Structures are given as structure tokens and as C-alpha cells.
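This is what each chain is made of:
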Amino acid sequence: MAVQLSRTFELFERAMRVVPGGIYGHQTPALLVPGSYPYFFARGDGSHVWDVDGNEYIDYLCSYGPIVVGHCHPAVEEAVLRQMRDGNCFNAPTPLWIELAEHLVELTPFADWAVFAKNGSDVCTWAVEVARAATGRRKVVKAAGAYHGTHAWCSPLPAGITDEDRANVLEVPWNDLSALTALVTSESSAIAAIILTPFRHDAFHDSELPVDGYLAGVRRLCDQHGIVFILDDVRAGFRLHLGGSGEYFGVRPDLACYCKAIANGYALSACVGREAFRNAAQDVFFTGSYFTSGVPMAAALACLRTLAAEDGIARMDALGRRLCEGLDRAARAHDLRVTTSGPPALPFMSFADDPGQSLNRVFCAAMAERGIYLHPHHNWFMSAAHTEADIDRTVDRAEQAFKIVAAER
Ligand code: PMP
């Protein structure tokens, strides 16, 4: 099926001349089937986006997470415009700095304070430093393959990184409490922090929920050994529970990191924490040219209030379930076996017996050509703006895409 993407390719050629790789990082087109996907977007509205060639898509990536109440949600945009008219960036914060910190503390049962930055990487690295300052220890434990950002201690690719950058990082397999217990028992006097995402959402992998007792076991180990439990809720935060994904899975960390969905696409991240870490939080130097900007904070307050007012969390859960059930049904009709994984608000689908996810590339490319934007190797995101009609249209297009996959198999 031919899609008109001439403007995308024209722009990409220009980008390649002046930007290394054209588009880099998680948005690199290298992971997508060329000729099926647009590389540049022009606008968004609710659950739909339009590329630079005018093609329309139902958006299941939501900008890889930030868009949670829908593109250009009027409540968020009005708050943004109001603050923009007064100014964004000053010599000191606006009062929104306090209002948003108070709001996060109110929403989060374990938190007594909040700090703000711009990216998920900023707050994940800072949280590890706070744990070091609080404990006087050096090491940090993470799950092998888990993504916590671009900084040297955890960057997924080796270029430009030294062994010394990784010297204090220990890795354990996700969901393996005995491996973690063994590691903590042998190294406890050196471990400052355990940092985990609330569920496993590694790229190129089915998502995995924590097994019964895993997160409670992590909490117990941290308490027994004086280790700081950091929940990296950058990807899932505010999609599963307004009090943080720990509430959804029944665990309360010491520090939690947020970014993506906090401000519906405006640049903001946050870390919230317990009273016991307030002094350490004050001691670790943390700043950035734009950390105090008012516009993203106005967006965050409007976004979080809209999510609550529209019952967005329950909506995303219900819509995600409808999508997964529909895809599963459509696949079976073509004698294909698929696995849907992850919490419904951050769903993912892969094919059985497709280790390199190459069938998923065929499927997702066929979907993109039919106006449904999915990623073959990265979990998807629901927004509260998706509708039942979006899901039904998606499942209808999936029936056509599964037919193509069945023919290729
Ligand atoms: N942690 C997790 C779990 C993430 O998903 C991401 C971003 N994908 C990050 C940290 C880093 O966030 P950012 O890209 O905003 O630096």
C-alpha cells in the first residue's frame, strides 16, 4: 500500500546534512520500516497526529509517553498561553514552583517534597546522587537491560562511556528476588540505592509485570540494609495511578522520578521523596538553565488536574484492554498467535516465535500505512483522549495487517 511520504524524505535529506544521523536517540527512524513511517510531524489533536505530508494517524506512541490527556488539550493549552503571556523564564521561579510541589506531595502518599528538572535522565541520576549523599555509599543496583536515561552510568550504548563511569553499577535480572537478595547480602555496606522501573518495559522485549512479592521484597531488602529504593516512574508515571505507579503495584519507594506524562508534552521532570532524604536532597547540587521555567509547570498542574477530572487513568486502562482484546481476536482469526503485555495503559504486542520481532516490523509498518502509529520494538501508550471508535478502527486495520503478516510467515 503506497503512502505519500515525499515531504518526510525531502526533510530527512536536509536533516542528514546538518544533524548527525538526521534524527537521533529513541526517535531515530533506523528502527522503523522505511517508506511506511513519517519522520516529521506537523500537528496533533486529541489522539490523532498529522505528518508533514498530510497523512493522519491514530497515535499510540503519544510522543513516547508525554501526551497523556491528548494533543493540544484545551485545558493545558489555555494554562500554557496564560503563563506565556506573563513570561516563562525569570531570575527565580514563579509561584507555580510551590503550587506544583504541593500538588505532587498531596498526590503521592509517601512524599514530603518535590524537585523539578527537565528530563527523566536528570532526575534519575540526581536521585542516585541523593542516595549516595544520604548513605555515604557508592554503588547502585539496577535491572539488567533497564533504561534510566542517557547519562554515562546507565547509557545503553558504549560509545563515549568509560569503565570508570560504570564502576559503581551492579546489575541483576528483573523479577529475580533471590539474585537481588544474594547481591545485597554480599555488598550491602556498599550499596546506596536500588533503582527499578515499576514493571519491565525494555525495548525489543515483551513487557513483564512484577511477580507477586517482588516489589515488596525489594522494599524489605532496602529497609533491612539501609538502602534507598528509587522508583524510576519516568515512563509509566501518571498513566497507572495519580499517586505514582508504586500505588498501582502496592509498593512505596523512598524517591520516585517522573517525566513524560507529567505536563502533557511540555518539558518538565520531577523527583519526589520522603522526609528522611530532604537534607541529602538539599546537599546534592542540582540546577539547569530552564529548571524553574513557569510554562511547563502551568502545563503540569493543568495536565494532572485534567487527568483527575476526566478520570483519565481509568479511561486509559479500559481503552488499553479493549485494544489488546481486539488485537488478540483479530490475530487469532488469521491463525496468528500474539502476546499482549504490560499494563493496559502502556500496552505492547508481539508475535509468538518471532525472536527478532521481524513480524512485528511487518505488522506495525502495515498499520502505519493504514493510519495507525505503533512501534514494533517499544511499548505503546494510551491517552485519555483515545476513543472507543479509535480502538475499533485500529482493530479493523489490524485485521488487514495480520493478513499481510500471515502471508509473510
Ligand atoms: N527512565 C525511563 C524509565 C525512561 O523511559 C526514560 C525515557 N525513555 C528515561 C528514564 C529518560 O528520560 P529522558 O529521555 O526524559 O531523559
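How each quantity is defined
- Residues numbered from 1 in each chain as written.
- Predicted model: local features only at pLDDT ≥ 70, side-chain atom pairs only at ≥ 80, totals over all residues.
- Heavy atoms only, no water.
- Near = heavy atom within 4 Å.
- Polar contact = N/O pair within 3.5 Å; in protein donor to acceptor, adjacent residues only side chain to side chain.
- Areas by Shrake-Rupley, 256 points an atom, 1.4 Å probe, with all protein chains shown as cover.
- Nonpolar A, V, L, I, M, F, W, Y, C, P; charged D, E, K, R; others polar.
- Helix = DSSP H or I, 4+ residues; strand = E, 2+ residues; numbered from the N terminus.
- Buried < 20%, exposed > 50% of the residue type's maximum accessible area, 1.4 Å probe, protein only.
- Contact = heavy atoms within 4.5 Å.
- Disulfide = S-S within 2.5 Å.
- Core = buried A, V, L, I, M, F, W, Y, C linked by side-chain atoms within 4.5 Å.
- Domains from an automatic or database assignment.
- Phe/Tyr/Trp six-rings, centres within 6.5 Å; stacked < 30°, edge-to-face > 60°.
- Lys NZ or Arg CZ within 6 Å of the ring centre and 35° of its normal.
- Pairing = 2+ DSSP bridges.
- Axes fitted to C-alpha atoms, helices over the stretch in contact; angles between N-to-C directions.

Visitor: I keep staring at the site of the ligand and nothing clicks. Help me out?
Guide: Around the ligand, a shell composed of 13 residues is seen, among which Gly120, Ser121, Asp232, Arg235 and Lys260 lie nearest. Contacts to the ligand include Ser121, whose side-chain N or O atom sits 2.6 Å from an oxygen atom. Asp232 is positioned such that a nitrogen or oxygen atom in its side chain is 2.6 Å from a nitrogen atom of the ligand. Isolated, the ligand exposes 390 Å² of accessible area, and the fraction of that covered by the protein chains is 89%. Taken together, the residues that form the shell around the ligand break down as three nonpolar, seven polar and three charged.

Visitor: I would appreciate a short explanation of the environment of Asn175 in the present structure.
Guide: For Asn175, the position within the fold is in the loop between β6 (169-172) and α5 (177-187). A relative accessible area of 15% means that Asn175 is categorised as buried. With residues up to four places along the chain from it excluded, the contact list for Asn175 reads Glu208, Leu209, Pro210, Val211 and Tyr214.

Visitor: Would you mind going over the state of the cysteines with me for this structure?
Guide: Evaluated as defined, the whole model comprises zero disulfides. Counting only cysteine sulfurs, Cys303 is the nearest neighbor of Cys62, a cysteine outside any disulfide, at a range of 11 Å. According to the relative accessible area criterion, Cys62 is buried, its value standing at 2%.

Visitor: Just to check I follow, could you spell out the nonpolar core for this structure?
Guide: General note: in soluble globular proteins, nonpolar side chains tend to be found buried as a group. If you look at the biggest cluster of nonpolar residues, it comprises 83 residues, and the most contacted ones within it are Leu104, Ile262, Phe363, Trp380 and Phe402. The leading source of residues in this core is helix α9 (residues 294-309), at 10 residues. Taken domain by domain, this core gets at least three of its residues from each of domain 1 (6-69 + 311-408) and domain 2 (74-309). Setting aside its immediate chain neighbours within four residues, Phe363 contacts Leu327, Met349, Phe351, Leu374, Ala398, Ala401, Phe402 and Val405. One finds Val140, Cys154, Ile230 and Phe291 within the second-largest nonpolar core, a separate group that totals 29 residues.

Visitor: Would you explain the packing of aromatic side chains in this entry?
Guide: The geometry of two aromatic rings is summed up by the distance between their centres and the angle between their planes. One pass over the structure, following the stated rule, counts 18 aromatic pairs. Through a chain of ring-to-ring contacts, the aromatic side chains of Tyr37, Phe41, Tyr57 and Tyr373 assemble into a single cluster. Above the plane of the ring of Trp50 lies Arg43, whose end atom (NZ or CZ) is 3.9 Å from the centre.

Visitor: Would you mind showing me how to read the sheet that holds strand β4 (residues 113-117) here?
Guide: Across a sheet, strands are paired by hydrogen bonds formed along the backbone, either parallel or antiparallel in direction. Taking strand neighbours across the sheet as the criterion, the seven strands line up as β4-β10-β9-β8-β7-β5-β6 in an open arrangement whose pairing is mixed. Because the sheet does not close on itself, it has two edges, and the strands there are β4 and β6. With direction set aside, neighbouring strand axes in the sheet form an average angle of 20 degrees. Examined bridge by bridge, strand β7 (residues 191-196) and strand β8 (residues 228-232) share four bridges and lie parallel to one another. Bridge assignment links Ile195 to a residue of β8, and that residue is Ile230. Packing of helix α3 (residues 96-107) onto the sheet brings it into contact with β4 and β10 (269-273), and relative to β4 it is tilted by some 125 degrees.

Structural measurements only, silent on function.
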